[in-house]
Structure formats: structure tokens, C-alpha cells
Amino acid sequence: MLKRIWLLFINTFTISLTANSGYAMLGVIKNRFVDKYGWFSKEEMEDYIALAQSCPGPIACSSSMIIGYQSCGVLGALASVLGVIIPPFIMMIIVTFFYTFISTNQYVRIFINGMQIGVCAMLLDVVLGLFSGVVKFNKLFYYVIVLLSFLYVRLTDYSIFFLALICILIAVIKSLLIKKEVDNRL
Amino acid sequence: MISLFEIFLSFIKIGLFAFGGAYAVIPLIEEEMVNTTAWMSFKEFSDLVAIDELTPGPIIVNSSTFIGMKLAGIPGAIVATLSCVVPGCIIALILIYLYKKYKEIPVISETIKVLKCMSVALIFSVLLKMFMNVVFNSETLSLTNINYFTIILMIICFYLLKKYKTNPLFIMLVCGLINLLISFIL
């Protein structure tokens with residue numbers, strides 16, 4: 001148990017120290033905890049990503065909180081969130097003293113742009129994984145939800161909060177309708 | 001001097017309404033810091049966004065630490081970071097608790113399914129944005145400035161991730177180095 005908590009902390013710590021955005025971290029989290037340690041199945045991880053996206057705040061925090069809680073309870077959740085927060089926290093305090101150097105240095109920029117290529121490949125892997133989950137549902141309804149959510153994000157400036165709310169509402173209505181149908185048949 | 005309580009209020013607001021990851025949240029932070037409170041000038045804020053992308057860690061954590069540090073030193077950094085992270089963490093804990101306990105109930109499992117569809121759309125839209133930036137160096141399509149090298153590197157990365165489950169952190173760092181090397185050669 002203690003070893004697991006330590007693994008959670010040290011992994012989220014190194015991930016946060018390297019990846020430069022929350023979305024980049026999602027891919028690494030999946031690679032570590034599903035492929036390397038095998039703590040969760042691919043399907044479980046996809047559920048967690050969906051839940052994490054429905055929370056406000058940094059996606060890296062909510063997703064690591066969820067995997068931490070699922071593997072070691074509240075202590076695990078705390079350990080993994082601290083792992084995510086500490087590296088950027090210390091880094092940014094140092095950065096405030098010489099941030100003009102970092103923001104104007106072209107080599108830093110070129111290096112980060114290169115890293116983005118890897119991040120794209122990783123996100124593609126994550127998206128395809130999630131999408132194959134949607135394909136498994138095998139219903140037109142879910143494809144329509146994907147399409148509509150995509151249009152919502154690209155074409156409107158409204159908060160994702162409302163999108164999540166609408167999605168939850170649709171899900172509740174749909175399952176109520178199905179229940180009614182089943183009741184009628186009985 | 002801005003009081004810690006004011007910082008707390010401001011960042012808890014960001015923490016509660018920051019849905020959809022960094023790309024959706026940066027405008028929210030800008031609104032709060034530049035327009036509502038006028039704690040930062042627009043110039044300072046755009047510097048901050050550049051630094052966020054260049055430093056490791058979730059972008060929201062980076063910016064809140066940085067802003068807190070600028071406003072009230074290390075105590076400010078601690079207050080800002082915690083108040084924008086904690087609301088999301090609490091909501092994540094509630095969601096995962098509900099998920100664990102009630103995931104067999106049709107309404108909940110249906111909700112997870114629909115949220116999964118939403119997260120495919122969200123991640124895909126982030127991926128698209130990044131892809132356009134890396135491959136075309138802009139948000140618009142144009143055949144003249146496609147960066148073929150980037151596409152090839154991305155495909156190789158994807159293959160390595162998919163087939164060999166290579167550590168994504170390693171892939172990201174190598175991509176950064178390759179990009180740096182290429183810029184020296186060309």
C-alpha cells in the first residue's frame with residue numbers, strides 16, 4: 001500500500017516535471033498506470049478520463065486525483081495531486097526571477113515546439129482509444145453526441161460547463177425513456 | 001499590497017469555473033486578472049501565457065503560481081495555487097465516489113457513456129489545435145507551409161507509442177532535441 005502511494009507520487013511528480021500541459025499528461029498517465037503497472041484496464045481509464053473532463057480546474061489534477069483515489073483511497077488521491085502540483089509550483093517561483101530569459105530565448109521555444117510533436121502523437125493515441133470505446137457502443141446516438149460536442153467546442157465560446165451539464169441531462173432523459181419502454185413492455 | 005483573501009476569492013472563482021482544460025481557461029484567467037481586477041496589464045498577461053507553454057506542469061497551476069507570486073510573494077503563490085486546484089479536486093472526489101458506488105445503475109452508466117463521447121470531442125479539438133500549430137505554424141490550412149518533417153516524426157512517435165508502449169516522456173524529450181538539432185543544421 002505504502003509502496004503504491006509512493007509510486008503514485010513519484011510518477012505524477014516526474015510526469016508533471018516533464019509534460020508541459022494537462023492534456024500531454026493524460027497520455028503519460030495512461031501509459032504508466034495502464035500499460036506499465038497494469039493497475040487499471042483500458043476501459044476503466046477511459047471512464048476516468050471522461051469523469052476528469054467533467055471537473056473544473058486543471059485536467060491533470062482531476063485525473064490524477066481519480067486514479068490516486070481508485071488505487072489507494074483518499075491518501076493516494078492526496079499523494080498524486082501533490083505530485084502534480086509541487087514541480088510546477090517550485091518551477092514557477094524560480095521562473096518569476098528570470099522569466100524574460102525563458103520567454104525570449106529562441107532555443108527554449110524550438111525545443112518546446114519539438115516536444116509538441118510528441119504530444120500530438122500521444123493525444124492521437126488517447127483520442128483513438130476513447131473513440132474505439134464509442135465505436136463499441138455501436139449506436140448512432142453516441143456518434144451524434146461526439147459530433148455535436150465537437151461543433152459546440154469549435155463554433156461557440158460558451159463554457160464546457162454547460163456542455164457537460166447538457167450531456168448529463170441528455171443521458172438522464174435517455175435512460176428514463178428506456179426505462180419507460182421496458183416498463184411498458186412488461 | 002493585495003490581500004491574500006482577495007487572491008483567494010479571485011482564484012477560487014477561476015478554480016470553480018475552469019472547465020475544459022487550459023485552452024478554455026486562459027481567456028477566463030485573462031478576464032479575471034486583466035479586466036475585472038486589473039492586477040495585470042495585457043502585456044504582462046501575454047508574457048505569462050508564453051511562459052506557461054514553455055514550463056512543465058499543468059498550465060492552470062503554472063499561471064496561478066506565477067500570478068500569486070507576483071501579487072504577494074510566496075504566500076500569494078500558495079494561496080492562488082491551492083484555491084484554484086482544490087475545488088476541482090473535491091468535485092473529482094465526489095464524482096469518483098459516486099462512480100464507484102453507483103456505476104451499475106443505468107442512469108449513471110449512461111451518463112458516463114455520454115461524457116465519454118464528450119471527452120472524445122474535447123480532446124480531439126485540442127489535438128486539432130496543436131496539430132495545426134505544429135504542422136502549419138498557424139490556425140489556418142495552407143498547402144505552402146506544410147512541415148513534412150513534423151508529420152513524419154509524428155507518425156514515427158505514434159508507431160512507437162502504439163506498438164512498443166514507449167515511455168511518452170522519453171518520446172517528448174527526444175522530439176524536442178531532434179527539433180533543436182534540425183534547427184542547427186538547417
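Model, not experiment: these values are computed from the prediction.

*Asks:* Any chance you could break down the domain arrangement of chain A for me, citing the residues and the numbers?
*Replies:* Taken domain by domain, chain A holds domain 1 (2–134) and domain 2 (139–186). Taking only C-alpha atoms, the centre of domain 1 of chain A and the centre of domain 2 of chain A are 28 Å apart.

*Asks:* Account for the interface of chain B and chain A, with residues named and values stated.
*Replies:* With 82 residues of chain B at the contact, the number on the chain A side is 96 residues. Elements that contribute at least two residues to the side of chain B that touches chain A include exactly α1 (4–17), α2 (21–36), α3 (42–54), α4 (59–102), α5 (106–136), α6 (148–164) and α7 (168–185) of chain B. Take the side of chain B that touches chain A: its biggest share by element is 23 residues, from α5(B).

*Asks:* Explain the confidence of the model for chain B residue by residue, including any values.
*Replies:* Averaged over all residues, the pLDDT of chain B is 86; the fraction at 70 or higher stands at 95%. Scored as a complex, the prediction yields pTM 0.83 and ipTM 0.84.

*Asks:* Break down helix α7 (residues 140–155) of chain A for me, citing the residues and quoting the values.
*Replies:* Helix length check: α7(A) (16 residues) gives 22 Å between terminal C-alpha atoms against 22 Å at 1.5 Å per residue, within 8%. Within the span of α7(A), buried status applies to A:Ile145, A:Val146, A:Ser149 and A:Val153. For α7(A), the buried positions fall inside an angular range of 100° around the axis, keeping them on one side. Among the exposed residues of α7(A), those pointing more than 90 degrees away from its buried face are A:Leu140, A:Phe141, A:Val144, A:Leu151, A:Arg154 and A:Leu155. Next to the buried residues of α7(A) lie α6 (106–137) and α8 (160–185) of chain A together with α5 of chain B.

Criteria and cut-off values
Residues numbered from 1 in each chain as written. Chains lettered and ligands numbered in written order. Predicted model: local features only at pLDDT ≥ 70, side-chain atom pairs only at ≥ 80, totals over all residues. Domains from an automatic or database assignment. Contact = placed C-beta atoms within 7 Å. Helix = DSSP H or I, 4+ residues; strand = E, 2+ residues; numbered from the N terminus. pLDDT = per-residue confidence, 0-100. Expected span 1.5 Å × (residues − 1). Buried ≥ 20, exposed ≤ 12 C-beta atoms within 10 Å, placed from the backbone. Arc of directions from axis to C-beta.

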